[in-house]
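What follows is the residue order along each chain.
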Amino acid sequence: LTYEYFEGTYRRLPDFSTLDPRTTGIVSTIDLSQRLRDDSFALRFTGCIQAPVNGLYTFYLTSDEGSKLLINGAAVVNNDGLHLVREKSGSVKLTPGRHRLQVLYFERFGGEALSVQYAGPGITRQEIPVEVLSVGC
């Protein structure tokens, strides 16, 4: 996955297309280890997820402040806004193959948390494994 790290004070997810990232790079997992400080920052992760079989996949997004997960450009989980650690989930039908994945996140102040899990046909709920993530589709 590629990541972009931004600094600023946000009350909800910013319009990332209008921002210049402070740092960018490639990561194998979605977490907060790229942050340069604990408050007033945002991250955008972009890449692809491999669906092994046709079916309904459920994504779980836990965050302290806001986050959103998109598949093929459509919001599947919206956990935006100022809040303590909170989990939301959403489901989407996927065909076998790679699908565009984007995870957006911001942290204003206090504790910070971000976790992305999924479940699907023959897949028990778990952190999304490195093996199914890639930079490009």
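We now turn to the structure provided with this report. (Residues numbered from 1 in each chain as written. Predicted model: local features only at pLDDT ≥ 70, side-chain atom pairs only at ≥ 80, totals over all residues. Heavy atoms only, no water.)

Our next topic: the nonpolar core. Formed by 30 residues in total, the largest nonpolar core has its most connected members in I49, F59, L69, I71 and L101. For this core, the secondary-structure elements that each account for two or more residues are strand 1 (2-7), strand 3 (41-51), strand 4 (55-64), strand 5 (67-71), strand 6 (74-79), strand 7 (86-94), strand 8 (97-107) and strand 9 (113-120). When residues of this core are assigned to their parent elements, the largest contribution, five residues, is made by strand 3. Here F59 is in contact with I49, L69, I71, V76, V77, K88, S89, G90, V92, Q117, Y118 and I128, once residues within four sequence places are set aside. In this structure, Y10, A42, L70 and F106 belong to the second largest nonpolar core, which totals eight residues. (Core = buried A, V, L, I, M, F, W, Y, C linked by side-chain atoms within 4.5 Å. Buried < 20%, exposed > 50% of the residue type's maximum accessible area, 1.4 Å probe, protein only. Helix = DSSP H or I, 4+ residues; strand = E, 2+ residues; numbered from the N terminus. Contact = heavy atoms within 4.5 Å.)

What follows is about the environment of K68. Tracing the sequence through the fold places K68 in strand 5. Along the sequence, K68 and N79 sit 11 residues apart, while their C-alpha atoms lie 5.6 Å from each other. If we ignore the near neighbours within four places in the chain, the residues touching K68 are L13, L61, A75, V77, N78, Q102, V103 and L104.

Our focus in this paragraph is the packing of aromatic side chains. A complete count under the given rule lists five aromatic pairs for this structure. Centroid distance F59 to Y118: 6.0 Å. Interplanar angle 35°. Geometry classified as tilted. Separated by 59 residues along the polypeptide, F59 in strand 4 and Y118 in strand 9 bring together distant segments of the chain. Comparing F59 with Y118, the two get one shared label, buried. An aromatic cluster is defined as three or more aromatic residues linked by ring pairs; in this entry it consists of Y5, F41 and Y105. (Phe/Tyr/Trp six-rings, centres within 6.5 Å; stacked < 30°, edge-to-face > 60°.)

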